[in-house]
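Letter by letter, the chains look like this.
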Amino acid sequence: MKVVIMGCGRVGGRLAGLLEANGHSVTVLDLDPYSFRRLPPGFKGTALVGNGIDQEALKKAGIEEADVFVALTQGDNRNVMAAQIAKHIFNVPRVMCRIYDPLRCDMYQTLGLEAISPTTIFAEILREKIEG
Amino acid sequence: MYIIVIGGGRVGYYLTKALLEEGHEVLIIERNPSICNAIAEELGSICYRGDGCEAITLEQAGTARADMLVAVTGDDEDNLVACQVAKHRFNVPRTIARIRNPNNEVLFKKLGIDVTISSTNLILEHIQEEVPTHPLTHLLEIRSKGLQIVEVKIPASSSTIGKPVKELALPRGSVLSLIIRKARRPIVPTGNTVLEAEDQVIAVTDPASEGALRAALRGE
């Protein structure tokens, strides 16, 4: 599969490495070239400096041929906007995004985005561990 | 009307001031506490401190009874989300977003934002109006119908001067609404109205017919 990942933070960098190891073609997009240090050594995918809410930058990242787009920047709103560009402008078959704010995450899920809130998931894991 | 303004920067501040003067009930939502305090000192207690993209903030601001929400922060993504939350969670009838990148207009429209305002495009339109050689100027967009109101200038060299409107090869998607003559007298054109040099023709057109309209009017 062709995967475009926006945001090369800890999660983005790690996901890129995992997918590449499984033989997928991965492009990572980030505003800060310094973030690419988080990619695993010997990463053979593409690392591109660019703004993921800019349609031109997304085109350069190959969004038109992508099977999957994942938005993983620190900003909920940037992720939401990039995901909607991927879904509604470029018709990417599968679009996922991270939204820290659980309320915003719920709303965008009902609007049809595959949104994941790490806040909800992590709090739930902690609760389970604490309560045994 | 009850209008909520997201973002207390320069645009938000002057917009709110003007809306208050027009007698509207206005609330600014601003994240930065020092900006909030400054606005409160100048305009009274009309600034609510909080993130205008968060449903909780919008709920506390009484968004459910708002007639309009205007998002004018400096970031397109924040303006988009504020408008979407207002629309989908609180059913605000009208949402207006400021956009920086003119390319975002299509996306915002697709996602149901009622009005987008791009300062880049506004300045561009004004330049088009100011430059006398610009053959076709966009005056207004009727978004709900996908139509444009445009102005076409008829230069003295145009081969259509002296011809009646009915002899022009006007495209099907365009209708001539008004002709403004040198003496500033507006004329509602009929088939027999004859074009004169320096006429300004105001027409309603679909965007696809723009080129053909310009060519037909100017004899290009």
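Residues numbered from 1 in each chain as written. Chains lettered and ligands numbered in written order. Predicted model: local features only at pLDDT ≥ 70, side-chain atom pairs only at ≥ 80, totals over all residues.

## Things to note about the overall build of chain A
Okay, so step 1: Each helix and strand in chain A was counted, giving 5 helices and 6 strands.
Okay, so step 2: When its helices and strands are written in sequence order, chain A yields β-α-β-β-α-β-α-β-α-β-α.
Okay, so step 3: On C-alpha atoms alone, chain A measures out to a radius of gyration of 15 Å, which is about the 14 Å that the 2.2 N^0.38 rule sets for 132 residues.
Okay, so step 4: Its C-alpha atoms give chain A principal-axis dimensions of roughly 45 × 35 × 25 Å.
Okay, so step 5: Of the contacts formed within chain A by residues at least 6 apart in sequence, a portion of 46% connects residues at least 24 apart. (Helix = DSSP H or I, 4+ residues; strand = E, 2+ residues; numbered from the N terminus. Rg over C-alpha atoms; globule rule 2.2 N^0.38 Å. Contact = placed C-beta atoms within 7 Å.)

## Quick word on the interface of chain B and chain A
Okay, so step 1: Counting residues at the interface gives 17 residues for chain B, matched by 17 residues for chain A.
Okay, so step 2: Looking at the side of chain B that touches chain A, the elements with two or more residues in it are helix 3 (55-60), helix 4 (76-90) and helix 5 (104-110) of chain B.
Okay, so step 3: Here the element with the most residues in the side of chain B that touches chain A is helix 4 of chain B; it accounts for 8 residues.
Okay, so step 4: Taken together, the residues that form the side of chain B that touches chain A break down as 8 nonpolar, 3 polar and 6 charged. (Nonpolar A, V, L, I, M, F, W, Y, C, P; charged D, E, K, R; others polar.)

## Some remarks on unusual backbone geometry
With the exception of glycine, most residues fall at negative phi, and the peptide bonds are largely trans.
Residue and element names in this part refer to chain A.
Okay, so step 1: One non-glycine residue, Asn91, adopts positive backbone phi at about 50°.
Okay, so step 2: Along the chain, Asn91 falls in the loop between helix 3 (76-89) and strand 5 (94-98).
Okay, so step 3: Look at Asn91 and you get exposed, because 10 C-beta atoms sit within 10 Å. (Buried ≥ 20, exposed ≤ 12 C-beta atoms within 10 Å, placed from the backbone.)

## So, the domain arrangement of chain B
Reports often express the size of an interface as the amount of accessible area lost when the parts come together.
Okay, so step 1: Here the domain parsing of chain B yields domain 1 (2-121) and domain 2 (131-218).
Okay, so step 2: Relative to domain 2 of chain B, the C-alpha centre of domain 1 of chain B lies at a distance of 37 Å. (Domains from an automatic or database assignment.)

## Comments concerning the nonpolar core
Okay, so step 1: Ranked by internal contacts, the top residues of the largest apolar core, which has 70 residues, are A:Ile5, B:Leu69 and B:Val70.
Okay, so step 2: Beyond its immediate chain neighbours, meaning those up to four positions away, A:Ile5 contacts A:Gly12, A:Leu15, A:Ala16, A:Val26, A:Val28, A:Leu29, A:Val70 and A:Leu72. (Core = buried A, V, L, I, M, F, W, Y, C linked by C-beta atoms within 7 Å.)

## A short note on the pairing of strand 11 (residues 200-205) of chain B
Residues and elements named next belong to chain B.
Okay, so step 1: Residues of strand 11 alternate between two faces, with Val201, Ala203 and Thr205 buried on one and Gln200, Ile202 and Val204 left unburied on the opposite face.
Okay, so step 2: Here strand 8 (residues 147-153) pairs with strand 11 via 6 bridges, running antiparallel. Bridge pairing in strand 11 links Gln148 to Thr205.
Okay, so step 3: Summarising the sheet, strand 9 (residues 174-180) and strand 11 pair through 6 bridges and their orientation is antiparallel. Bridging from a neighbouring strand, Ser174 pairs with Thr205 of strand 11. (Pairing = 2+ DSSP bridges.)

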